[in-house]
Structures are given as structure tokens and as C-alpha cells.
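Each chain, letter by letter, is given below.
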Amino acid sequence: MAEPTDIDKAITHSEYKFIYEDSSLTRNPAFLEYSREGNTLDMLHTFVPPAMRGRGVAGALVRVGLKFAASNQLSVRLTCWYTADFVKKFGSLGCKIAK
């Protein structure tokens, strides 16, 4: 598994969201929103403000979310199209993918 990037390390976790903020680029945070039902974490939506796009922020959010799920023995449902594309390209990082 790849070493965490500076973006990965700066991501915070609040209830139902992983959040990345960079006030030098924009006031609006990037986030990965999820819901949880039992032992399944459903990755619902990613958002990255235009000023942060192309910097690997969305990928870092997904990576941190997948690592969180794996470390908590949660299955992951990939409702968000970006999360599904990420897993196709880079793998599930040890997570079981729910159908």
C-alpha cells in the first residue's frame, strides 16, 4: 500500500464525512460523504471545489475512506461513480466491496 500523501494526512473525519480543507485555494472544503448501515459504509458523494481539482484531492479522500473502512472491518458500497472508478483503477485497499 502506498505511503500517505500530505493531502491524506490533512484529511479530517467528522460524522459521515471525510473532509479536506486548503484555505490558500478556497474557502470551500472538499469532502467524501458516506452513510453507514450496520457493517457497511456507503460512499455516497465526492465533491472537490474547482480550485482544488487536478491535485489528487478526490483520490486522497477515497483512499482515506477505504483505509478507514478496512481498519474498522467494514464493507464498502460504491454508490458514488468516482469511488467506483477509483477502486477499478487502484483496487479496494483491503476492503470488501458490498454489492
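Residues numbered from 1 in each chain as written. Predicted model: local features only at pLDDT ≥ 70, side-chain atom pairs only at ≥ 80, totals over all residues. Heavy atoms only, no water.

Visitor: Could you clarify how one ought to interpret the side chain of Asp42 in this entry?
Guide: Tracing the sequence through the fold places Asp42 in strand β4 (residues 40–47). Of the polar contacts made by the side chain of Asp42, one reaches the side chain of Thr79; its length is 2.5 Å. When residues no more than four places from it in sequence are discounted, the contact partners of Asp42 are Glu33, Tyr34, Ser35, Arg77 and Thr79. (Helix = DSSP H or I, 4+ residues; strand = E, 2+ residues; numbered from the N terminus. Polar contact = N/O pair within 3.5 Å; in protein donor to acceptor, adjacent residues only side chain to side chain. Contact = heavy atoms within 4.5 Å.)

Visitor: Is there a simple way to think about the sheet that holds strand β6 (residues 96–97) in this case?
Guide: Hydrogen bonds along the backbone pair up the strands of a sheet, which may run parallel or antiparallel. The 6 strands lie next to each other as β1-β2-β3-β4-β5-β6, forming an open sheet whose pairing is mixed. Edge positions in the sheet fall to β1 (12–14) and β6, since each has one partner strand and no second. Bridge count for β1 against strand β2 (residues 17–20) is 3 bridges, and the pairing is antiparallel. Bridge pairing links Thr12 to Ile19 in β2. (Pairing = 2+ DSSP bridges.)

Visitor: Would you mind showing me how to read the pattern of salt bridges here?
Guide: For side chains bearing opposite charge, pairing can occur when the charged atoms are close. For the coordinates displayed, the defined rule picks out 2 salt bridges. With its nearest N and O atoms 2.8 Å apart, the salt bridge here joins Arg63 to Asp8. Placement of Arg63 in helix α2 (residues 57–71) and of Asp8 in helix α1 (residues 6–10) is noted, with a sequence separation of 55 residues between them. Neither Arg63 nor Asp8 differs from the other in exposure class; each is buried. Between Asp42 and Arg77 there is a salt bridge, and its shortest N-O distance comes to 3.9 Å. Residue Asp42 is found in strand β4, and its partner Arg77 is found in strand β5 (residues 75–78); the two are separated by 35 residues along the sequence. A relative accessible area of 10% means that Asp42 is categorised as buried. Accessibility expressed as a relative area gives 31% for Arg77, which makes it partly exposed. (Salt bridge = Lys/Arg side-chain N within 4 Å of Asp/Glu carboxyl O. Buried < 20%, exposed > 50% of the residue type's maximum accessible area, 1.4 Å probe, protein only.)

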